[in-house]
Amino acid sequence: MIQKRIILKTGKEKSVLQRHPWIFSGAVASVTGDPQPGETVEVCGYQGEPLGWAAYSPHSSIRARIWSFNSNEEIVPEFFVRKIEAAAHLRKMLNLIEKTNAYRLIHGEADGIPGLIVDLYPETAVVQILSAGAEYWRDVLVDQIQQITACKAVVERSDVEVRQLEGLPFREGVIRGEGVPARLKIIENGIEYWVDVIGGQKTGFYLDQRQNRQRLTELARDREVLNAFCYTGGFTLSALAGGAKSVLSIDSSATALHLASENLILNGFDPAKNQWLEGNVFQELRLLRDRNKKFDLIVLDPPKFAPTSAQAQKAARAYKDINLLGFKLLRSGGILVTFSCSGGISRDLFQKIVADAALDAGVDARIVEVLSQSGDHPVALNFPESAYLKGLVCVVE
Ligand code: SAH
């Protein structure tokens, strides 16, 4: 039998030696052994020197994702058990239990399992399988996650567009166990939230913003707050918990707003202090500007405008637009808390966009704090792409 192998073009072994886990189609000189989607292949340099083991993905421009840089490693179920246990150990070390009962257990490449996302909610794990390799090992991964976490049910939310790039169909639903309630209740930073792991966005909750929501609580006292792209009310409730004077919360999803208003009641906050507004942020911010409305604190947490660098230019215009409007809506001394979760927009570029927005808005602003994703979404040093959430806290003069 011919060995299943990927031979790289000359010079293309460099990024593998630097332990970057992606091999792009343009780096591949030849493929032997007719590997099927997700199958394990040996990665070799141009001279045939072994560099490690990867999952083959014939339909994706990321042609292979490396499981191991050790050519003596065997990619067998025990390999994945070790990775999942290591990920669980890291989260234990972070002592998240004091802050939350919902966290990310596996953050894909940054936890050594490219293409696998697992968020752990009370008694329920929610998985996203985003690559051909993770799909190939799906049963092993799901069984082990259930066993290692001792969760009662596993829900799959592989309903994201990147699956199409890997030639995979969408799949979702309860795949292990039963009795997943329509809503789970979590507690984060002392605030309770209903989470819809089956019908909600992503895996149900944006766990990556946990520490930034906490920060908002600390910044919100006596301020008039605008929370744009509020989803189920994370930053809204965090601001109210911190003693905000009032909050205006905007989102285009009626379903998200419905859950958001229930979350507000769940925590016993005064509903009169917040207004939910269903609408398009791009339009609503313009309407507020035209009415000369001003705020003391504005949060902009839009969805991913640029999943990859191919969409960066268009996305940059959208970020500039909302940040410009944000600056215009702030009173003197006001605070803009602005985010980008786009993989295609670097931190440098994001800061530049925000700087341009301030310039065009005619305000002087300073960065007082730089924000990122919570530690249960680790960043692999050899994989800077895993640092996807970029946030800036700017104070205008
Ligand atoms: N800050 C939130 C997460 C925001 S996710 C939290 O902490 O939980 C981004 C949100 O933007 C989603 O709820 C989505 O429904 C909403 N959204 C996307 N495009 C929008 C638009 N053009 N106008 C208003 N909301 C939008």
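All of these numbers come straight from a predicted model, not from anything done at the bench.

The rules behind the values
Residues numbered from 1 in each chain as written. Predicted model: local features only at pLDDT ≥ 70, side-chain atom pairs only at ≥ 80, totals over all residues. Heavy atoms only, no water. Buried < 20%, exposed > 50% of the residue type's maximum accessible area, 1.4 Å probe, protein only. Helix = DSSP H or I, 4+ residues; strand = E, 2+ residues; numbered from the N terminus. Near = heavy atom within 4 Å. Nonpolar A, V, L, I, M, F, W, Y, C, P; charged D, E, K, R; others polar. Domains from an automatic or database assignment. 1 Å grid on protein atoms, 1.4 Å probe; cavity = no way out; pocket = protein on both sides within 12 Å on 5 of 7 lines; lining within 4 Å. Points joined across faces, edges and corners; volume = space filled by probe spheres on them. Pairing = 2+ DSSP bridges. Axes fitted to C-alpha atoms, helices over the stretch in contact; angles between N-to-C directions. Right-handed = clockwise from strand over helix to strand, strands pointing away. Left-handed = near helix turned anticlockwise from the far one by under 90°. Contact = heavy atoms within 4.5 Å.

1. Description of helix 7 (residues 234-241)
Moving on, step 1. The element helix 7 is extensively covered by neighbouring structure, given that seven of its eight residues are classed as buried.
Moving on, step 2. Within the span of helix 7, buried status applies to Gly234, Phe235, Thr236, Leu237, Ser238, Ala239 and Leu240.
Moving on, step 3. Phi for Gly243, located one or two positions after helix 7, is positive at around 85 degrees.

2. Comments concerning the site of the ligand
Moving on, step 1. In the vicinity of the ligand, 15 residues are found, and the nearest of them are Gln201, Arg213, Asp251, Val281 and Asp301.
Moving on, step 2. Split by residue class, the shell around the ligand holds seven nonpolar, five polar and three charged.

3. As for the domain arrangement of the protein
Moving on, step 1. Here the domain parsing of the protein yields domain 1 (5-68), domain 2 (77-184) and domain 3 (206-396).
Moving on, step 2. Here domain 1 and domain 3 have C-alpha centroids that lie 39 Å from each other.

4. Brief notes about the layout of surface pockets
Moving on, step 1. Size it by volume and the second largest pocket reaches roughly 320 Å³.
Moving on, step 2. Mapped by element, the contributors of at least two residues to the lining of the second largest pocket are helix 2 (77-93), strand 7 (103-107), strand 8 (116-121) and helix 4 (138-149).
Moving on, step 3. It is helix 2 that contributes the most residues to the lining of the second largest pocket, three residues altogether.

5. Section: empty space enclosed by the protein
Once rolled over the atoms, a probe with the size of a water molecule shows which space is left empty.
Moving on, step 1. Within the structure shown, the criterion is met by one cavity of 30 Å³ or more.
Moving on, step 2. In this structure, the largest cavity encloses a volume near 50 Å³.
Moving on, step 3. As for the largest cavity, its lining consists of Ala55, Ser57, Ile62, Arg65, Trp67, Pro114, Ser131, Ala132, Gly133 and Glu166.
Moving on, step 4. Residue assignment for the lining of the largest cavity shows that the elements contributing at least two residues are strand 6 (62-68) and helix 3 (132-136).
Moving on, step 5. By residue class, the composition of the lining of the largest cavity is five nonpolar, three polar and two charged.
Moving on, step 6. Residue contributions to the lining of the largest cavity reach at least three from each of two domains, namely domain 1 (5-68) and domain 2 (77-184).

6. Focus: the pairing of strand 5 (residues 50-56)
Moving on, step 1. Across the seven residues of strand 5, six count as buried, placing the element largely inside the fold.
Moving on, step 2. Strand direction decides the pairing type here: strand 4 (residues 40-44) and strand 5, joined by five bridges, are antiparallel. Looking across to strand 5, one finds that Glu42 is bridged to Trp53.
Moving on, step 3. Between strand 4 and the antiparallel strand that follows it, strand 5, lie five residues; Gly48 among them carries a positive phi value of about 90 degrees.
Moving on, step 4. With four bridges connecting them, strand 5 and strand 6 associate as antiparallel partners. When the bridges of strand 6 are listed, Trp53 appears paired with Ser68.

7. Re the sheet that holds strand 11 (residues 171-176)
Strand pairing within a sheet occurs via backbone hydrogen bonds; the two strands may be parallel or antiparallel.
Moving on, step 1. With respect to topology, five strands assemble into an open sheet ordered 7-8-9-10-11, the strand pairing being mixed. Only two strands of the sheet have a single partner each, and these edge strands are strand 7 and strand 11. Neighbour-to-neighbour, the strand axes of the sheet open up by a mean angle of 20 degrees, direction not taken into account.
Moving on, step 2. Pairing of strand 7 with strand 8, which is carried by four bridges, proceeds in the antiparallel orientation. By the bridge assignment for strand 8, His107 is matched with Ile117.

8. Notes on the pairing of strand 17 (residues 295-300)
Side-chain positions along a regular strand alternate between the two faces of the sheet.
Moving on, step 1. Here strand 17 lies mainly inside the structure; six of its six residues are buried.
Moving on, step 2. Note: strand 14 (residues 224-228) against strand 17, four bridges, orientation parallel. Across the sheet, Val225 pairs through a bridge with Leu297, a residue of strand 17.
Moving on, step 3. With five bridges connecting them, strand 17 and strand 18 (residues 330-340) associate as parallel partners. For Phe295, the partnering residue across the bridge sits in strand 18 and is Leu330.
Moving on, step 4. Note that the unit made of strand 17, helix 10 (residues 312-328) and strand 18 has a crossover that is right-handed.

9. Considering the packing of helix 6 (residues 210-219) against helix 7
Moving on, step 1. For the pair helix 6 and helix 7, the least separation of the axes is 7 Å and the interaxial angle reads 35 degrees. The interaxial crossing formed by helix 6 with helix 7 has right-handed handedness. Contacts from Asn212, Arg213, Leu216 and Thr217 of helix 6 reach helix 7 at Gly234, Phe235, Ser238, Ala239 and Ala241.
Moving on, step 2. In the contact of helix 6 with helix 7, the residues fall into four nonpolar, four polar and one charged.

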